[in-house]
Protein chains: 2
Amino acid sequence: MTEIEHCRILRFTAEGDETVEDAVTVEEPLTLFLNGKELVTLLCSPSYAEQLAVGFLFTEGIIEKGEDIEGIRCYEGKGVVNVSIRGNGIPGANRGSRRITSGCGGGTSFYRDQDLKRLSKVSSQEKFDRAEITALMQEMGRKSRLFRETGGVHSSALARGGALVLFREDIGRHNAIDKIIGECILSHIPFDDACLMTSGRITSEITRKAGVAGIPVIASRSAPTSLAIRMAKELDLTIIGFVRGKRMNIYTAGWRISGG
Amino acid sequence: MTEIEHCRILRFTAEGDETVEDAVTVEEPLTLFLNGKELVTLLCSPSYAEQLAVGFLFTEGIIEKGEDIEGIRCYEGKGVVNVSIRGNGIPGANRGSRRITSGCGGGTSFYRDQDLKRLSKVSSQEKFDRAEITALMQEMGRKSRLFRETGGVHSSALARGGALVLFREDIGRHNAIDKIIGECILSHIPFDDACLMTSGRITSEITRKAGVAGIPVIASRSAPTSLAIRMAKELDLTIIGFVRGKRMNIYTAGWRISGG
């Protein structure tokens, strides 16, 4: 299960041309079965397949907690993981992330009926120090080995009590976050008082995933979108963007951020 | 149909804190109906909805050509577009991009059965000059107004005969490319001798979309993945990555790139 492949490339530079061996990030399809029935194929980095499967099922609202899972079977090398759960999951739950089956709701930022049922205001009263956010984002950058070697992945991390407790890289922003949340569920790491860090942009899907998990803060090196901000306001979830050096922008629920 | 929203944010800098109006890129759900039946909801930038719908149907293998379309109806402000096509589209075609219904094929890079049917080697013998690729990538960067203002979008462009003929920005890499290809189909702009430019990473999904369209070259500022490279080799499609300044890496089908 290697995360890097080497391939021969032709490199053009101002100084001349050369044929070199270059490091490329590995992308592989992972087909997720639920109770033996094919659910979705995710294109992802080939690591932590079980965590990705569990995180996906949770953030897509198909399971509610780790206890819903009866067993996980990973067929390594085949790109297949089967998760057995009690019953068929939450009735009416989403089956596949981009196939969204409900129309747009009126007067709300949530574009799927089941989101309205699953999502409620984030209850955590946890506060976060801004100097801590700055330091954690720098630490995440230092850990991003696969990105430094290949330039082809996003990073995500979970921070609690001023420290990074989990760190994952994946070709997909969503996958990296699902791997974090899946690991939390499998290893009983609480996330309802944590800060979710990402190298990627904060879109509505990222905000929805954090909201389903009840995670109070999302911090990114990059930009949020309008819909992410609108959702986060409704959920009282803190969005921090452009965490670069000592700068950062607080878009929503700034009361959770202290220090100065 | 505005692409930028302004919102009040709290900005922390080393010099102090300030409350400012910040420009944020707009994200909206667009629900695509096919012959009156709901197909998929895409999260995208609110522009060129018809082009996005047509490009998506084409690159996902649901229509084969512009003549398959009988009518397009866009319900602006409701985030809905309906495309009427002859019949029900290509039999067995994919219905939604991340819900991939076939397992992994053996001995091929293509993870969906229908891709094997739709994809064949790129036939174009067109050559591209490397100095031209460098200049076009710089031009795309200069055009990326929405990115400069918000940091929240990807750019894509179509280059033919040494010039950028189309340019689009979207919160999604895939959407920006689908908007380009959809516009080509609706406006009868040939793309089988063109270079597809993108600010985003070249994953297998991007390569598959270009392959379905028969586009001979994809050039990116960013990295490709292993699966994208493997697909491109099978399709004899040229992948150029890390086009920055006068540098670039040629990963596959280098015979199309001339100059030096």
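For clarity, every value in this text was computed on a predicted model and none was experimentally measured. (Residues numbered from 1 in each chain as written. Chains lettered and ligands numbered in written order. Predicted model: local features only at pLDDT ≥ 70, side-chain atom pairs only at ≥ 80, totals over all residues. Heavy atoms only, no water.)

Asker: How should I be thinking about the overall build of chain A in this particular structure?
Answerer: Counting secondary structure elements, chain A contains 7 helices and 14 strands. When burial is assessed residue by residue, chain A has 60% of its 260 residues classed as buried. Considering only contacts in chain A between residues 6 or more positions apart, those separated by 24 or more positions represent 51%. For chain A, the exposed surface amounts to about 10,000 Å²; the carbon and sulfur share of it is 47%. (Helix = DSSP H or I, 4+ residues; strand = E, 2+ residues; numbered from the N terminus. Buried < 20%, exposed > 50% of the residue type's maximum accessible area, 1.4 Å probe, protein only. Contact = heavy atoms within 4.5 Å. Areas by Shrake-Rupley, 256 points an atom, 1.4 Å probe, with all protein chains shown as cover.)

Asker: Just to check I follow, could you spell out the nonpolar core for this structure?
Answerer: Soluble globular proteins tend to pack their nonpolar side chains together in the buried interior. Ranked by internal contacts, the top residues of the largest apolar core, which has 52 residues, are A:Leu32, A:Leu158 and A:Phe191. Element by element, the count of residues in this core is highest for helix 1 (residues 49–59) of chain A, at 7 residues. Counting residues in hydrophobic clusters, the runner-up holds 50 residues, among them A:Cys7, B:Leu34, B:Phe56 and B:Ala228. (Core = buried A, V, L, I, M, F, W, Y, C linked by side-chain atoms within 4.5 Å.)

Asker: Whenever I open this one, the sheet that holds strand 4 (residues 37–44) of chain B confuses me. Can you help?
Answerer: Whether parallel or antiparallel, the strands of a sheet pair through hydrogen bonds between backbone atoms. All names here are of chain B. Ordered in space as 4-3-6-5, the 4 strands form an open sheet in which the pairing is mixed. Either end of the sheet is taken by a strand with one partner, and the two such strands are strand 4 and strand 5 (69–75). Mean inter-strand twist for the sheet, computed between neighbouring axes without regard to direction, equals 20 degrees. Where strand 3 (residues 28–34) lies against strand 6 (residues 80–85), 4 bridges are found, and the strand directions are parallel. By the bridge assignment, Phe-33 is partnered in strand 6 with Asn-82. (Pairing = 2+ DSSP bridges. Axes fitted to C-alpha atoms, helices over the stretch in contact; angles between N-to-C directions.)

Asker: Looking at this structure, I do not really get the interface of chain A and chain B. What am I missing?
Answerer: Quite often, the size of an interface is put as the accessible area lost when its parts meet. Of the residues lining the interface, 66 residues belong to chain A; the matching set on chain B comes to 66 residues. Both faces combined, the contact of chain A with chain B buries some 5,300 Å², and carbon together with sulfur accounts for 51% of it. Where chain A touches chain B, the interface holds 4 salt bridges. Taking the shortest distance from any N to any O, the salt bridge between A:Arg230 and B:Glu5 comes out at 3.3 Å. Counting every contact that joins chain A to chain B gives 24 residue pairs in polar contact (both at pLDDT 80 or more). Elements with a contribution of two residues or more to the side of chain A that touches chain B: strand 1 (4–13), strand 2 (16–25), strand 3 (28–34), strand 4 (37–44), helix 6 (204–213), helix 7 (226–235) and strand 13 (247–252) of chain A. Considered class by class, the residues forming the side of chain A that touches chain B number 28 nonpolar, 21 polar and 17 charged. Judged from the 3 bridges that link them, strand 13 of chain A and strand 1 (residues 4–13) of chain B form a sheet pairing that is antiparallel. Each bridged residue has a counterpart across the sheet, and for A:Asn249 the counterpart in strand 1 of chain B is B:Arg11. (Buried area = accessible area lost by both parts, 1.4 Å probe. Salt bridge = Lys/Arg side-chain N within 4 Å of Asp/Glu carboxyl O. Polar contact = N/O pair within 3.5 Å; in protein donor to acceptor, adjacent residues only side chain to side chain. Nonpolar A, V, L, I, M, F, W, Y, C, P; charged D, E, K, R; others polar.)

Asker: Would you explain the environment of A:Val243 in this entry?
Answerer: Residue and element names in this part refer to chain A. Examined against the element boundaries, Val-243 turns out to sit in strand 12 (residues 238–244). On the accessibility criterion, Val-243 (2% relative accessible area) is buried. Separated by 105 residues in the primary sequence, Val-243 and Gln-138 place their C-alpha atoms 9.1 Å from one another. Contact partners of Val-243, with chain neighbours within four places excluded, come to Ile-133, Thr-134, Met-137, Ala-219, Ser-220, Arg-221 and Met-248.

Asker: What's the story with the environment of A:Leu43 in this structure? I'm lost.
Answerer: Mapped onto the elements of the fold, A:Leu43 is located in strand 4. Separated by 16 residues in sequence, A:Leu43 and A:Glu27 have C-alpha atoms that sit 6.5 Å apart.

Asker: Just checking my understanding: could you explain the packing of aromatic side chains for this structure?
Answerer: When we look at a pair of aromatic rings, we describe it by the centre distance and by the angle of the planes. Under the definition given, this model contains 2 aromatic pairs over all chains. The interplanar angle of 65 degrees and the centroid separation of 5.9 Å between the aromatic rings of A:Phe58 and A:Phe191 together place this pair among those described as edge-to-face. A residue pair is termed long-range when its members are at least 10 positions apart, and A:Phe58 in helix 1 and A:Phe191 in the loop between helix 5 (173–187) and strand 10 (195–198) qualify at 133 residues. Note on accessibility: A:Phe58 and A:Phe191 belong to one class, buried. The ring of A:Phe12 has B:Arg130 sitting right over it, with the charged end atom 3.5 Å from the ring centre. (Phe/Tyr/Trp six-rings, centres within 6.5 Å; stacked < 30°, edge-to-face > 60°. Lys NZ or Arg CZ within 6 Å of the ring centre and 35° of its normal.)

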